[in-house]
Amino acid sequence: MISLIREKCRSLYIADFGIVRARVFGELSDFLEKCGHTPMTTPDIRRRTDPFLIMPEAKSIIVCLMSYYTGDEKGNLSKYARGEDYHSVMGRALGELAELLKENGYRAEGFCDSGDLNDRYLAYLAGLGFFGKNGFLIHPVYGTYTVIGYIITDCPLDESAPLNSTCINCGECVRRCPGGAIAEDGSFCYEKCASYITQKKGELSSEEERIIAKSGYVWGCDVCQDVCPHNKNAKKTKNPEFNEYLCKDLHIDTSISNRTFRKVYKNKAYAWRGKGVIARNQEILEKKGK
Ligand code: SF4
Ligand code: SF4
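Conventions adopted
Residues numbered from 1 in each chain as written. Chains lettered and ligands numbered in written order. Predicted model: local features only at pLDDT ≥ 70, side-chain atom pairs only at ≥ 80, totals over all residues. Heavy atoms only, no water. Helix = DSSP H or I, 4+ residues; strand = E, 2+ residues; numbered from the N terminus. Near = heavy atom within 4 Å. 1 Å grid on protein atoms, 1.4 Å probe; cavity = no way out; pocket = protein on both sides within 12 Å on 5 of 7 lines; lining within 4 Å. Sits in = over half its atoms within 2 Å of the grid points. Nonpolar A, V, L, I, M, F, W, Y, C, P; charged D, E, K, R; others polar. Buried < 20%, exposed > 50% of the residue type's maximum accessible area, 1.4 Å probe, protein only. Pairing = 2+ DSSP bridges. Axes fitted to C-alpha atoms, helices over the stretch in contact; angles between N-to-C directions. Parallel < 35°, antiparallel > 145°, perpendicular 65-115°, else oblique. Contact = heavy atoms within 4.5 Å. Domains from an automatic or database assignment. Buried area = accessible area lost by both parts, 1.4 Å probe. Salt bridge = Lys/Arg side-chain N within 4 Å of Asp/Glu carboxyl O. Polar contact = N/O pair within 3.5 Å; in protein donor to acceptor, adjacent residues only side chain to side chain.

**Focus on the environment of Ile152**
So, step 1. As for its placement among the helices and strands, Ile152 is situated in strand 6 (residues 146-153).
So, step 2. Along the backbone, Ile152 and Phe52 are 100 residues apart, and their C-alpha atoms lie at a distance of 9.2 Å.

Laid out in structure tokens, this is it:
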């Protein structure tokens, strides 16, 4: 089965994949409790650590990595949001991979930002990279500019080994983060992260506005990835879905309706948040002359 999976992954532009044996990832509980949860993650630690809640017969988790990196041109959109929405791209690929497993008599269910398990930790266990101080998973070839998806299946597969490596600990991400979100000890405060703030709804505090203005991003933030030496020679993606209709700078017409916004930008990763949040961020950047 593994050679069929490998072949399928190659055809789907899945840059790398690895296998984790299905088990309760109890070793994460303390860590997750300590860092708390963001509005994007569930506070229920069991749901974040137990794949059997999704599939009681689960045997393996196939963790897939796709690169979205098309080059390091500057822009006000985070690189992951410049091409087609990665949820759709990875979602379709996982759907096809799950189909292959089903054709061979197994159960399979795919998740890309739609499941509760900690996908970066799964990717680490699957041997797809090591952790940077900025919390990102660093793949030895594709760097941090990647999307993670996973499939829970009852297909028994041999487990991959995690990589025995760490980031070079240069501290650039700590020094350059516009919000001071990354501490020297590697702990992370999501409330100071521009990527989180640009997605947050409602009125922002003056400190949050300052962080967005300093980052220069209307959506997301790549500063701690762009300065990371491990990304210096990151391999670019060949996936046409990430290479077509690229938009690195977003300037919306703020007079359009939310409905029109969602229609025009429906294939983009920021469309789900609606016009209001983008318009607000754009105004903050314009005020600061960015
Ligand atoms: S994404 Fe930007 S704001 Fe968030 S931790 Fe990285 S550099 Fe800091
Ligand atoms: S910028 Fe330096 S400290 Fe930060 S993740 Fe990269 S190598 Fe590690």
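**A short note on the site of ligand 2**
So, step 1. In the vicinity of ligand 2, the residues found are Gly132, Lys133, Asn134, Cys167, Ile168, Asn169, Cys170, Gly171, Cys173, Cys228, Pro229 and His230.
So, step 2. Cavity membership is defined here by more than half of the atoms lying within 2 Å of grid points; on that basis ligand 2 lies in the largest cavity.
So, step 3. Class assignment for the residues of the shell around ligand 2 results in 6 nonpolar, 5 polar and 1 charged.

**So, the site of ligand 1**
So, step 1. Contacts to ligand 1 come from Cys177, Pro178, Ile182, Phe188, Cys193, Ala194, Cys221, Val223 and Cys224.
So, step 2. Looking at side-chain class alone, the shell around ligand 1 contains 9 nonpolar, no polar and no charged residues.

**A look at the pairing of strand 2 (residues 60-67)**
Look at any regular strand and the pattern is simple: side chains alternate between the two faces of the sheet.
So, step 1. Among the 8 residues that make up strand 2, 8 are buried, leaving the element largely enclosed by the rest of the structure.
So, step 2. Taking every second residue as pointing to the same face, both faces of strand 2 are buried, with Ser60, Ile62, Cys64 and Met66 on one and Ile61, Val63, Leu65 and Ser67 on the other.
So, step 3. The pairing of strand 1 (residues 16-21) with strand 2 spans 6 bridges and is classified as antiparallel. Within strand 2, the residue paired with Ile19 across the bridge is Ile62.

**Considerations on the packing of helix 8 (residues 206-215) against helix 12 (residues 275-287)**
So, step 1. Relative orientation of the contacting elements helix 8 and helix 12 amounts to 70 degrees, with a least axis distance of 9 Å. Regarding the angle of helix 8 to helix 12, the classification is roughly perpendicular. Where helix 8 abuts helix 12, its residues Glu209, Ile212 and Ala213 lie against Asn281, Ile284, Leu285 and Lys287.
So, step 2. Counted by class, the contact of helix 8 with helix 12 contains 4 nonpolar, 1 polar and 2 charged residues.

**Digging into the sheet that holds strand 3 (residues 108-111)**
So, step 1. An order of 1-2-6-3 is seen for the 4 strands of this open sheet, with the pairing classed as antiparallel. Of all strands in the sheet, those bounded by a partner on one side alone are strand 1 and strand 3. The average angle at which neighbouring strand axes cross in this sheet is 20 degrees, direction not considered.
So, step 2. Sheet topology note: the strand 3/strand 6 ladder contains 4 bridges and is antiparallel. Of the residues in strand 6, the one forming a bridge with Gly110 is Ile151.
So, step 3. Where helix 1 (residues 2-11) meets the sheet, its contacts fall on strand 1 and strand 2, and the angle it forms with strand 1 comes to roughly 145 degrees.

**Considerations on the domain arrangement of the protein**
So, step 1. Here the protein is described as being made up of domain 1 (2-153) and domain 2 (172-227 + 251-287).
So, step 2. When each unit is reduced to the centre of its C-alpha atoms, the spacing between domain 1 and domain 2 is 23 Å.
So, step 3. Facing the 23 residues of domain 1 at the interface are 24 residues of domain 2.
So, step 4. Between domain 1 and domain 2, roughly 2,100 Å² of surface is buried when both sides are summed, and carbon and sulfur atoms account for 52% of that area.
So, step 5. When the buried surface of domain 1 facing domain 2 is broken down by residue, Asn76, Lys133 and Asn134 rank first, second and third, together holding 30% of it.
So, step 6. In this structure, Asp226 and Lys79 form a salt bridge, with 2.8 Å as the shortest nitrogen-oxygen distance.
So, step 7. Summed over the shared surface of domain 1 and domain 2, the result is 13 residue pairs in polar contact (both at pLDDT 80 or more).

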